[in-house]
Amino acid sequence: MKDFRALLAGKNLSFFIRTYGCQMNERDSEKMAGLLEQIGFVAAKSKDVADIVIYNTCCVRESAEDKVFGHLSREKSAKAQRPFILAIGGCMPQQPEMADLLREKHKYADIVFGTGNRHRLPEFLWRVIENGERNIVDITEGENELPEITDVPVTTREFSHKAGVNIMYGCDNFCSYCIVPYVRGREKSRAAEDVLAEIRALADDGVREIMLLGQNVNSYRGKICESVRVVSLPAPTLQNDSLASFPELLHLAHEVEGIKRIRFMTSHPKDFSDELIDAMQKLPNVCKHVHLPLQAGSTRVLADMNRFYTKEQYLALAEKLYAAMPEIAITTDIIVGYPGETDEDFEDTLDVVRRVRFAGAFTFIYSKRSGTPAATRTDLIPRKTANERFDRLTAELYPIMTARNESKIGQIIDVMVEEVRDDASNAYKARGDDHTLVHFTAETGEFVAGDIVPVRIDVAKTFYVSGCAASDFLRKSCN
Ligand code: SAH
Ligand code: SF4
Ligand code: F3S
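Criteria and cut-off values
- Residues numbered from 1 in each chain as written.
- Chains lettered and ligands numbered in written order.
- Predicted model: local features only at pLDDT ≥ 70, side-chain atom pairs only at ≥ 80, totals over all residues.
- Heavy atoms only, no water.
- Helix = DSSP H or I, 4+ residues; strand = E, 2+ residues; numbered from the N terminus.
- Near = heavy atom within 4 Å.
- Polar contact = N/O pair within 3.5 Å; in protein donor to acceptor, adjacent residues only side chain to side chain.
- Areas by Shrake-Rupley, 256 points an atom, 1.4 Å probe, with all protein chains shown as cover.
- Nonpolar A, V, L, I, M, F, W, Y, C, P; charged D, E, K, R; others polar.
- Axes fitted to C-alpha atoms, helices over the stretch in contact; angles between N-to-C directions.
- Parallel < 35°, antiparallel > 145°, perpendicular 65-115°, else oblique.
- Left-handed = near helix turned anticlockwise from the far one by under 90°.
- Contact = heavy atoms within 4.5 Å.
- Phe/Tyr/Trp six-rings, centres within 6.5 Å; stacked < 30°, edge-to-face > 60°.
- Buried < 20%, exposed > 50% of the residue type's maximum accessible area, 1.4 Å probe, protein only.
- Pairing = 2+ DSSP bridges.

Enquirer: I'm lost on the environment of Leu72 in this one. Help?
Expert: Looking at where Leu72 falls in the secondary structure, it is placed in helix α3 (residues 62-81). Between the C-alpha atom of Leu72 and that of Ile330, which follows or precedes it by 258 residues, the distance is 37 Å.

Below you can see the structure in the form of structure tokens.
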């Protein structure tokens, strides 16, 4: 094994983080990168040259774990060719049996850590580098201790113009199929002042769009002191003397100068209040997009899943959102093949899809997660049936998504530039306020990520629309 102490004396060790899973994990990776940079490590250009390779893993479905295991077997061979420190963190090792498996069968992993102790990564690395320790397996058991990594340099971000901001950690909902509450612990909201301070720091650093993150942002209840309260809000929004609600937090975030767009994810349908609809309607910088996981259309399956809403309640909520904001895009998550799902149940899912006309959806085949209540079910759906339902679902969804995009043809919409795709042909990738993916070209003017540009939409596909900058169109240089 290479002597990392000698290496440390000569140069800064480099690291590479590969991230799986949700925005929560992406933000965690940014924070870990910030921590490592603070103590003198540098980001490597690629995994193959990094001195430290970190996998930030996800275990929400078996396929997510399979992907990680696929890569780990390659890392094992790579370690035989080239010495580096391999660390595996995130949600996967947070499952006790997985931590045991990694300890017993994957001894080539130098460090295995969880979601609750990721801030101790520098300490673990130091123990490997300084003391030559190997196969450190350290998982914080029980509830998360609000694993905040504070004072992380906000310059460490994947994108210059946008950032996720955790407003809460964990989940208390215990949907029957879901592993998240077990690996992320109980729900805990951050104090409103802390969230706002982070948003201000991001705005000062050039961020134009923030995404407020939590497994269920609608149930946010964060500490707040009287002096920062939004006094103009109606009484129901100010529910508690010392705790801010999510709509109140939106109002406060909206006041931060420099932030042009505010998004949030994820909303649980059971907690979507009228105050939240009101805040979305009133605050122009809050994007008109809601990610509202349906999971299933059948009231019976929803009850089995422990979701606490019926098909009718979901439809009524969607209707209320469209009535308040006709331009709103509703996207969703849907699971097919949940244990005991009948053809009739599945028809209910298709019915909701047709009626809500989702702008987009993440579709999943049910995956058994051990330790969850659904894992004990014996009425499993055959793989073939689940696959067929999955195909029928996407066949229903895609034409709706295409038609929604087609309705934008000829419109001029404001988009925020995400990246410059091609300098030579002035091609850009951008997002509409409703999260529509927009590709556009601009003959006149040069834009950078975070700029808001009016674009005329000319072409519509299922997953994106394309067009040209309205300034070109006005100059008639656009066909
Ligand atoms: N907190 C969010 C979702 C987090 S997990 C919410 O409640 O909406 C992201 C999505 O993964 C879920 O919405 C669900 O559709 C899917 N998912 C979670 N567990 C799953 C499982 N065991 N099998 C298949 N899909 C699952
Ligand atoms: Fe999982 Fe349900 Fe919590 Fe979402 S709300 S993270 S699906 S338990
Ligand atoms: Fe996956 Fe953990 Fe997120 S299980 S979906 S990375 S909370």
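Enquirer: I would appreciate a short explanation of the site of ligand 1 in the present structure.
Expert: Close to ligand 1 lie 15 residues; Gln215, Pro293, Gln295, Asp333 and Ser367 are nearest. Within the side chain of Arg61, an N or O atom sits 2.8 Å from an oxygen atom of ligand 1. At 2.6 Å, a side-chain N or O of Asp333 approaches an oxygen atom of ligand 1. Protein chains bury 90% of the 540 Å² of accessible surface belonging to ligand 1 in isolation. Elements with a minimum of two residues in the shell around ligand 1: β15 (329-336) and β16 (360-365). Of the residues assigned to the shell around ligand 1, the class counts are seven nonpolar, four polar and four charged.

Enquirer: What exactly am I supposed to notice about the packing of helix α12 (residues 343-356) against helix α13 (residues 383-406) here?
Expert: For any two helices packed against each other, one specifies the crossing angle of their axes together with the interaxial distance. Contact geometry of α12 with α13 gives a least axis separation of 10 Å together with a crossing angle of 15 degrees. Of the possible angle classes, the one that applies to α12 and α13 is roughly parallel. For the element pair α12 and α13, the recorded crossing hand is right-handed. On α13, the residues that touch Asp343, Phe346, Glu347, Thr349, Leu350, Val353 and Arg354 of α12 are Arg389, Arg392, Leu393, Glu396, Leu397 and Ile400. The residue makeup of the contact of α12 with α13, split by class, is six nonpolar, one polar and six charged.

Enquirer: When you look at the packing of aromatic side chains in this model, what are you seeing that I'm missing?
Expert: What characterises a pair of aromatic rings is the spacing of the ring centres plus the angle enclosed by the ring planes. Under the defined criterion, the tally for this structure stands at eleven aromatic pairs. Here Tyr428 and Phe440 contribute two aromatic rings whose centre-to-centre distance is 5.0 Å and whose plane-to-plane angle is 20 degrees, an arrangement assigned as stacked. With a gap of twelve residues between them, Tyr428 in strand β18 (residues 427-432) and Phe440 in strand β19 (residues 437-441) connect regions that are remote in the sequence. Assessed through its relative accessible area of 2%, Tyr428 is described here as buried. Exposure remark for Phe440: the relative accessible area of 2% places this residue in the buried category.

Enquirer: Help me understand the sheet that holds β15, please; the structure alone is not making it clear to me.
Expert: Within a sheet, each strand pairs with its neighbour through backbone hydrogen bonds, oriented either parallel or antiparallel. Taking strand neighbours across the sheet as the criterion, the three strands line up as β14-β15-β16 in an open arrangement whose pairing is parallel. Of all the strands in the sheet, the pair left with one neighbour each is β14 (289-291) and β16. Taking the axes of each pair of neighbouring strands and ignoring which way they run, one obtains an average angle of 10 degrees across the sheet. One ladder, built from six bridges, connects β15 with β16; its direction is parallel. Bridged to Thr332 within β16 is Ala361. Most of the contacts of α13 go to β16, to which it runs at about 175 degrees, and overall it touches β15 and β16.

Scope: geometric values only; no functional claims are made or implied.
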